[in-house]
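Architecture at a glance
Chain residues, written in single-letter form:
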Amino acid sequence: MCCRLVGNCQVGQFRLNKMGGGGGGEGSKGDKSSLNVLSQARMILWMTRGMTTLLLWICVVQLLTVGEIWGPRLLKTWPSCYTSKQSESIHSSSSTFLESKVYLPPKRYYKNNGYLMVSCNGGLNQMRGAICDMVAVARYLNVTLIVPELDKSSFWADPSDFEDIFDVDHFIRSLRDEVRILKELPPNIKRRVELGRIRSLAPISWSDISYYHNQILPLIQRFKVVHLNRTDARLANNGLPLEIQKLRCRVNFSGLKFTPQIEELGKKVVNILRKKGPFLVLHLRYEMDMLAFSGCTQGCNNEEVEELTRMRYAYTWWKEKEINSDFKRKEGLCPMTPEETALVLRALSIDRNIQIYIAAGEIYGGERRMAGLAAEFPNLVRKETLLDPLELGFFQNHSSQMAALDYLVSLESDIFVPTYDGNMARVVEGHRRYLGFKKTIRLDRKVLIDLIDRYSEGSLNWEEFSNTVKEVHADRMGRPARRVMISDRPKEEEYFYANPYECLDS
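Residues numbered from 1 in each chain as written. Predicted model: local features only at pLDDT ≥ 70, side-chain atom pairs only at ≥ 80, totals over all residues. Heavy atoms only, no water.

**Regarding the overall build of the protein**
On a plain count of helices and strands, the protein comes out with 21 helices and nine strands. For the protein, with 506 residues in total, the buried portion stands at 45%. Long-range pairs, those at least 24 residues apart, make up 76% of the contacts in the protein with a sequence separation of at least 6. Summed over all atoms, the accessible surface of the protein reaches about 27800 Å², with 54% contributed by carbon and sulfur. (Helix = DSSP H or I, 4+ residues; strand = E, 2+ residues; numbered from the N terminus. Buried < 20%, exposed > 50% of the residue type's maximum accessible area, 1.4 Å probe, protein only. Contact = heavy atoms within 4.5 Å. Areas by Shrake-Rupley, 256 points an atom, 1.4 Å probe, with all protein chains shown as cover.)

**A closer look at the pattern of salt bridges**
Applying the stated rule across the entire model yields 27 salt bridges. Of the charged contacts in the structure, one is a salt bridge between Arg-234 and Asp-232, with a shortest N-O distance of 3.1 Å. Arg-489 is the partner of Glu-492 in a salt bridge, and the nearest nitrogen-oxygen pair spans 2.9 Å. By relative accessible area, Arg-489 is classed as partly exposed at 43%. Because the salt bridges share partners, they merge into one network encompassing Arg-139, Asp-177, Glu-178 and Arg-250. (Salt bridge = Lys/Arg side-chain N within 4 Å of Asp/Glu carboxyl O.)

**Section: the sheet that holds strand 4 (residues 199-201)**
Strand order in the open sheet formed by five strands is 3-2-1-5-4, with parallel pairing between adjacent strands. Edge positions in the open sheet fall to strand 3 (181-182) and strand 4, since each of these has one partner strand only. Of the strands in this sheet, strand 1 (115-118), strand 2 (144-146) and strand 5 (225-228) touch helix 4 (residues 124-141), which is tilted by about 170° from strand 1. The sheet contacts of helix 8 (residues 209-223) involve strand 1, strand 4 and strand 5, and relative to strand 5 the element is tilted by about 130°. (Pairing = 2+ DSSP bridges. Axes fitted to C-alpha atoms, helices over the stretch in contact; angles between N-to-C directions.)

**Here's the deal with the environment of Glu-322**
With respect to the helices and strands, Glu-322 occurs in the loop between helix 12 (302-314) and helix 13 (325-330). Once the C-alpha coordinates of Glu-322 and Thr-309 are considered, the two residues, 13 residues apart in sequence, prove to be 8.9 Å apart. For Glu-322, the side chain forms a polar contact with the side chain of Tyr-313, separated by 2.5 Å. (Polar contact = N/O pair within 3.5 Å; in protein donor to acceptor, adjacent residues only side chain to side chain.)

**Structural notes on the sheet that holds strand 8 (residues 380-381)**
Taken in spatial order, the four strands make up an open sheet running 8-7-6-9, and their pairing is parallel. Lying at the two open borders of the sheet, with one neighbouring strand each, are strand 8 and strand 9 (415-418). Taken together, the four bridges between strand 6 (residues 279-283) and strand 7 (residues 355-358) define a ladder with parallel strand orientation. By the bridge assignment for strand 7, Leu-282 is matched with Ile-358. On top of the sheet, helix 18 (residues 399-412) reaches strand 6, strand 7 and strand 9; it is set at about 135° to strand 6, its chief contact.

**Let's talk about the packing of aromatic side chains**
Taken as a whole and judged by the stated rule, the model has 15 aromatic pairs. Measuring from ring centre to ring centre gives 5.4 Å for Tyr-495 and Tyr-497, while their planes differ by 65°; the resulting arrangement is edge-to-face. For Tyr-497, a relative accessible area of 2% gives the class buried. Between Phe-496 and Tyr-497, the ring centres sit 5.0 Å apart and the planes meet at 85°, which makes this aromatic pair edge-to-face. One aromatic cluster is present, built from ring pairs that chain together Phe-162, Phe-166, Phe-171, Phe-258 and Tyr-407. Over the ring of Tyr-313 we find Lys-321, and its NZ or CZ is 5.8 Å from the ring centre. (Phe/Tyr/Trp six-rings, centres within 6.5 Å; stacked < 30°, edge-to-face > 60°. Lys NZ or Arg CZ within 6 Å of the ring centre and 35° of its normal.)

**Description of the confidence of the model for the protein**
Across the protein, pLDDT averages 86, with 81% of residues at or above 70. pLDDT under 50 marks residues 1-29. Its contacts with residues more than four places away, or in other chains, come to 13 contacts. Low pLDDT (under 50) marks residues 64-102, which in the prediction has twelve contacts with non-local residues, meaning those over four places away or in another chain. (pLDDT = per-residue confidence, 0-100.)

**Some thoughts on the state of the cysteines**
Per the stated rule, a full pass over the model turns up two disulfides. In this model, Cys-249 is linked to Cys-503 through a disulfide, with the two sulfur atoms separated by 2.0 Å. Taking the torsion about the S-S bond as the criterion, the Cys-249 to Cys-503 disulfide, at about 80°, is right-handed. Taken together, the positions of Cys-249 in helix 9 (residues 242-255) and Cys-503 in the segment after helix 21 (462-472) put the pair 254 residues apart, joining distant regions of the chain. Note on accessibility: Cys-249 and Cys-503 belong to one class, buried. Linked covalently through their sulfurs, Cys-296 and Cys-334 form a disulfide whose S-S length is 2.0 Å. (Disulfide = S-S within 2.5 Å.)

Printed below as a string of structure tokens:
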């Protein structure tokens, strides 16, 4: 078409020149006629160019659309000038983008009954359980949950916010098909809080879901926003609807992911350990705060006993002050000492050359108390010995972030052995069950203390001691089992997060 138009223009120009050779009136008429032809030709040419440009843009848009779908696949087969690392980075970001588009759950739309603010208390894993509980409560009450506030005033004084430990965007997005979660209150509701038009309270411990429906929901509907200022163990272990139990699991195992920085450093520690073979994680809960709180002073000298006692009285919210250490130990209510732990691991025939990762803070008494354990198991390691100080620098003075690293390593270990059934021990045990009933040795401290004392006194020889320890723990290795329930003493029954059997494939 363009060629034909250009040809017409040339013919027109030729005719114009030819007619220009004549004279008079006939020449003037010829000029006008030639100019009309030329103008029409130029107009057709510009219209053709415009249509061609429009068609080209349509093609580009169509190609870009197809590229979004097929681009990542084509990149895998086409040669590239990127390095392998650059290519992997591109594929990773592309797949992440597509994954978020495909797998992001649809939002759940519901009539919002108000807003729920929660302040968690305690250490990392105590707060973890509380967060799971409060998501379930918010879902059941059809309210909007504000991202939980973490404890900054406890013994550990960790200034970390939720987003410093957990991936907050993943938390919000991954649960949006169950409950609406916001990072902060809407401006109009925030003004109500600033004016003091809010109800703040601590819910009753071990409550069933009807308590929240009958007592808390009316308060939310009245005040528009309610603040629960203590959230540890505020939801019952048992007797809840199955969908509530499953939601608690979903939050714990899927909704709560640590930040990418914590996840990457945790993977690095695991990779370092794996290169040298299997490893055991020992959650040696023999830190100063634990001993002061529990009043357990086995193996401590007089100065240490006095120091621990002073600390216990300094914290007014620790209710128990006068404690008989010997009695508590014989009842199995004390964390095992490093020396007792060494004996038990030997009795269980743990390979003395296995790597033992100490998942704990600073051990009270330091090297003096760790000497016996180190003599029996020389391959003791900690995150501080495996990582460069610069890598851990950001986590210093952030005990919850350090605990998150230990949590990740504990999940991946070949064997997990906690020396006290605190929150980390129980939550990690349940998570390892979820991951395929990975080996977790739950020490029966009451029986063990009796056996250790008898062995130390000489009434049991080593073979008798070792065989009995193995027999006692044959069914305490994290295998499938129903949760132990004590309906009138919920504090003493098995913790939901230690054995969430409703969510496990057994």
